Amino acid sequence: NGIDNLAILAGSLVAYPNPFSHQIMIEYNLESSEKITVQLVDIEGRIQETFLTGQFQEIGKHQQNLIVSDCLPHGTYFIVLSSPTGKASIKVILE
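Residues numbered from 1 in each chain as written. Predicted model: local features only at pLDDT ≥ 70, side-chain atom pairs only at ≥ 80, totals over all residues. Heavy atoms only, no water.

Here we take up the pairing of strand β8 (residues 86-94). Pairing geometry for strand β7 (residues 75-83) and β8, over 9 bridges, is antiparallel. When the bridges of β8 are listed, S82 appears paired with K87. Joining the antiparallel neighbours β7 and β8 is a turn of 2 residues. (Pairing = 2+ DSSP bridges. Helix = DSSP H or I, 4+ residues; strand = E, 2+ residues; numbered from the N terminus.)

Next up on the list: the side chain of E49. The topology assignment puts E49 in strand β5 (residues 47-57). One buried charge, E49, has no salt-bridge partner; the nearest side chain with opposite charge is R46, at 13 Å. A distance of 2.8 Å separates the side chain of E49 from the backbone nitrogen of S69, its partner in a polar contact. Setting aside residues no more than four positions away along its own chain, E49 makes contact with V38, Q39, L40, I67, V68, S69 and L72. (Buried < 20%, exposed > 50% of the residue type's maximum accessible area, 1.4 Å probe, protein only. Lys, Arg positive; Asp, Glu negative; His and termini not counted. Salt bridge = Lys/Arg side-chain N within 4 Å of Asp/Glu carboxyl O. Polar contact = N/O pair within 3.5 Å; in protein donor to acceptor, adjacent residues only side chain to side chain. Contact = heavy atoms within 4.5 Å.)

So, about the pattern of salt bridges. Using the criterion set out here, one finds 3 salt bridges in the structure. Between E27 and K61 there is a salt bridge, and its shortest N-O distance comes to 3.8 Å. Placement of E27 in strand β3 (residues 23-30) and of K61 in strand β6 (residues 60-67) is noted, with a sequence separation of 34 residues between them. On the basis of relative accessibility, which here comes to 15%, the residue E27 falls in the buried class. Put simply, R46 and D42 hold a salt bridge, and the shortest N to O gap is 2.8 Å. Under the relative-accessibility criterion, R46 is labelled partly exposed at 47%.

Here is the structure:
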């Protein structure tokens, strides 16, 4: 779980089930209103999927159900939440 300046409460970014199979739920708690982008990134830093792009979200708890393409290979990925003020990430395993 990596946190870098995003106005997300420390430790509030969770993903389940993990490991997952093509569908995963993320939850996070924003400390301030932000324009959020959510992406799935491989271990080499390449963006594999983009789920949200600059979506404005209010302060508080948020939940997103992410459906991942069937063509992605099994392995380790990172779900990355980013905004103009920073980013947060969590490691996930695609089975």
